[in-house]
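What the coordinates show
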Amino acid sequence: MKYIIFFLIIWGNWVSAYGTDSLRYRLGQLDAEIAKRGSYLARKDSVIRDLKNKLVAVPATDDERQFCLTSRIYQEYKSFQYDSAYHYASRSLYWAERLKDKDKILSANGNLLFCFFSGGAFKEAADIAGNAPLEGTSPAARGEFYALCTRLYSDMYNYARVDDLRLRYQKNIISYRDSVLRLLPGTSYTYQEMRALFGLDLSVEERIRACQHLMEIAGTRHQKAIITSNLASLYLLQKDTLQAMDYLVDAAVFDLQEGIMETTAKTELARCLYAMGDYNVANRYVHIALEEANFYNASHRIVSINAILPIIEEAYLATITGQRDNLKKYLMLVSLLSVVALAGILLIYWQKRKLKTAGRAIEQQSRTLKELNEIKDAYIMQAICAKSDYLDKTDAILKKADYRIRSKQFTDLNRIFGEFNLKEERKNLYLSFDQTFLMLFPSFIEEFNRLFEEKDRFQVDGGPGLTTELRIFALIRLGITENEEIARFLNLSVNTIYTYKAKIKSKSLVPKEDFDEYIKRIPKHNA
């Protein structure tokens, strides 16, 4: 026996978990449809706009088409927006009376009847139900009108709070329903609808089966929304809340897809979720229902929703407050742990930062040393070659002089020593320096000229070397910054070097005091 009990407990828990997961999935589907509400309403507006455009094009003398189009526009508005629905219902009655068609007049009165009870104006709706022009109308027209009267007293029954009134409205429901069943053929949708939705003499199980059969022959989403909403009510009577909520989701989805501002399904769904303790979702759905009731301007629905809204909001706020209190406790604990963790992280961060800074400094020094070594090697080779050329020339001149002295040809000595041109040797030295420098810094002239406006930039005239001005700052780029050293190398006075530098810096686009730093940052090779 204990094994059977254990099995039943496990089975019950599994069913409960499965039911909850299934409900979450269905609510997710509803949320997805709510997210698309804007597109459904845009589609609704497009249909209404097209019908209005067609109505504008109809001649005022064409009563038949005027009646048909105003009736169609009313059908689009009737569960969408009360004020517009009432306007076009009134217009349809106007054109029906011009046509003097008794069936159309009764149908137009039915339109007004629906507008009134959908907007909560039950007295006005009851006046139309009691004073409608029924004489001379067809059984089909009377049957459809009585079906609306049945719905009127059903709504009045649902909103009544006095038992005597509820009993009276229930009798009216049965009376009008029976009239529909007598007047309409059993194959018509309205006949089947009255029997399924208002079969008060049937058991709950029989009404469920009738509604399921009606669902099979329903042609529109609006019809399906009404059926599934009624199925939900029947399952709630049987205490099968999960099945009822499943049908309420269906009803809400059908309403959304059809662009209908019907609040019953969402309101009842919010009630069920509240009873289950899901205050967050219940609060969201009841607010959507209130928003739609306000859009439609249904006063009785607004009152009904406002009766439950504070209860749901209070529970929701209590939940939020409890969560906030728990969150504060968790935050305090996390804060304490965070302080410890942060201290460790800061220590690690500073250590890493110091290592990173040291690494960057070492890397920069390494690059600088590498660059200096390359510059050094290049100029050592240039100096060796220049020295070798100089020694070769000197040796040749000395040999010639020695030969003339031995031969006592003293008159040729001046000509021989004249072959040694110091100015030309300096020129060759500078040319060799320039070629070596431009090999190391091929973009120097281009980068140097970026520091000046177009009119002040330096041109080399296609020659292989640098100008004196460029050569001064080439030496600065190599790290020779003392004016005395620069003057000695270029065989110029220190004042001349000062003058050159001041003149060039005065034309620069960068501050004078920063000019040398910009020069030092010119890259060694092309980027």
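Description of the structure in this document. (Residues numbered from 1 in each chain as written. Predicted model: local features only at pLDDT ≥ 70, side-chain atom pairs only at ≥ 80, totals over all residues. Heavy atoms only, no water.)

Topic: the pattern of salt bridges
Applied cut-off: The term salt bridge refers to a side-chain nitrogen of Lys or Arg lying within 4 Å of a carboxyl oxygen of Asp or Glu. Helix and strand assignments come from DSSP, with helices taken as H or I runs of at least 4 residues and strands as E runs of at least 2, each series counted from the N terminus. When accessible area is computed with a 1.4 Å probe and restricted to protein chains, residues below 20% of their type maximum are described as buried, those above 50% as exposed, and intermediate ones as partly exposed.
A complete count under the given rule lists 25 salt bridges for this structure. Here R98 ties to D63 by a salt bridge, and the two come within 3.2 Å at their closest N and O atoms. With R98 in helix α4 (residues 82–99) and D63 in helix α3 (residues 63–77), this pair connects stretches of sequence that are 35 residues apart. Residue R98 is classed as partly exposed on the basis of its relative accessible area, which comes to 39%.

Thoughts on the packing of α4 against helix α5 (residues 102–118)
Note the threshold: Axis lines are fitted to C-alpha atoms, over the contacting stretch for helices. Their N-to-C directions set the angle, which ranges from 0 to 180 degrees. By definition in this entry, angles of less than 35 degrees are roughly parallel, angles greater than 145 are roughly antiparallel, angles of 65 to 115 are roughly perpendicular, and the rest are oblique. Handedness of each helix crossing follows the sense of rotation of the near helix against the far helix: counterclockwise by less than a right angle gives left-handed, clockwise gives right-handed. Note on definitions: a residue-residue contact is assigned when non-hydrogen atoms from the two residues lie within 4.5 Å. We call Asp, Glu, Lys and Arg charged. Ala, Val, Leu, Ile, Met, Phe, Trp, Tyr, Cys and Pro are nonpolar, and the rest, Gly among them, are polar.
It is at 8 Å that the axes of α4 and α5 come closest, and there the two elements cross at 165°. As summarised for this structure, α4 and α5 are arranged roughly antiparallel, according to the angle between their axes. By crossing handedness, the relation of α4 to α5 is classed as left-handed. Two secondary-structure elements touch here, α4 through Y82, A85, Y86, A89, S90, S92, L93, A96, E97 and L99 and α5 through K104, I105, A108, N109, N111, L112, C115 and F116. A breakdown of the residues in the contact of α4 with α5 according to their chemical character gives twelve nonpolar, four polar and two charged.

Remarks on unusual backbone geometry
Although it is not a glycine, K239 adopts a positive phi angle of roughly 65°. As for its position among the elements, K239 is in the loop between α11 (221–237) and α12 (241–258). The phi torsion at N297 lies on the positive side, around 75°, for a residue other than glycine. Relative accessible area serves as the criterion here: at 37%, N297 is assigned to the partly exposed category.

A few points about the layout of surface pockets
The cut-off we apply is this: Cavity and pocket criteria rest on a 1 Å grid covering protein atoms alone: a 1.4 Å probe that fits but cannot get out defines a cavity, protein on both sides within 12 Å along at least 5 of 7 lines defines an open pocket, and an atom within 4 Å of a point defines a lining residue. Grid points are joined across faces, edges and corners, and a volume is the space filled by probe spheres set on the points.
Looking at the largest pocket, its volume works out to about 1,400 Å³. Taken together, 46 residues form the lining of the largest pocket, with S154, D155, N158, S233 and T264 sitting closest to its centre. No other element matches the nine residues that α11 contributes to the lining of the largest pocket. Residue classes in the lining of the largest pocket are distributed as 21 nonpolar, 14 polar and eleven charged. In this structure, the second largest pocket spans a volume of roughly 730 Å³.

Section: helix α8 (residues 163–183)
Count 3.6 residues to each turn of an α-helix, and residues three or four apart come out pointing the same way. Where we set the bar: Each residue after the first adds 1.5 Å to the expected span of a helix. What the arc describes is the spread of directions from the helix axis to the C-beta atoms.
Over its 21 residues, α8 runs 30 Å from end to end, which matches the ideal 30 Å to within 8%, given 1.5 Å per residue. Within the sequence span of α8, burial applies to Y169, I173, Y176, R177, S179 and V180. Burial along α8 is one-sided: seen end-on, the buried residues are contained in an arc of 155°. For α8, the exposed residues lying more than 90 degrees away from the buried face are D163, D164, K171 and R182.

Thoughts on the packing of aromatic side chains
Quick reminder of the rule: Ring geometry is summarised as follows: Phe, Tyr and Trp rings, the Trp one being its six-membered ring, pair when their centres sit within 6.5 Å, and such pairs are stacked at plane angles under 30 degrees, edge-to-face over 60 and tilted between the two. Here, over-ring charges are defined by two tests on the NZ atom of lysine or the CZ atom of arginine: distance to the ring centre within 6 Å, and angle to the ring normal within 35 degrees.
Applying the stated criterion across every chain, the model contains 29 aromatic pairs. An angle of 55° between the planes, with centres 5.3 Å apart, marks the rings of F80 and F295 as tilted. Residue F80 is located in the loop between α3 and α4, and its partner F295 is located in helix α14 (residues 279–296); the two are separated by 215 residues in the primary sequence. Using a relative accessible area of 36% as the deciding quantity, one classes F295 as partly exposed. Through a chain of ring-to-ring contacts, three or more aromatic side chains come together here, namely Y430, F433, F437, F441, F444, F448, F452, F458, F473, F489 and F515. Just above the ring of F114 sits the side chain of K78; from NZ or CZ to the centre is 5.0 Å. Seen from the ring of Y157, R166 lies directly overhead, with NZ or CZ sitting 4.2 Å from the centre.

So, α5
This is how it is decided: Contacts described as polar in this section are N or O atom pairs within 3.5 Å, which, within protein, must combine one atom able to donate a hydrogen with one able to accept it, while residues neighboring in sequence count only if both atoms come from side chains.
Between its terminal C-alpha atoms α5 stretches 24 Å, which fits the 24 Å expected from 17 residues at 1.5 Å a residue. The backbone nitrogen of D103 has a side-chain oxygen 3.1 Å away, supplied by the residue at the start of α5, namely D101. Residue G120 follows α5 closely and has a positive phi angle near 90°.

Considering the nonpolar core
Defined as follows: Think of a nonpolar core as a cluster: buried Ala, Val, Leu, Ile, Met, Phe, Trp, Tyr and Cys residues, connected wherever their side-chain atoms sit within 4.5 Å.
Of all hydrophobic cores here, the largest spans 98 residues; its most connected members are L30, L113, F145, L152, L269, L273 and Y285. Other than its neighbours up to four places away in sequence, L30 contacts V249, A252, V253, L256, L269 and Y285. Listed in part, the 28 residues of the second largest apolar core include L440, L451, I497 and I522.

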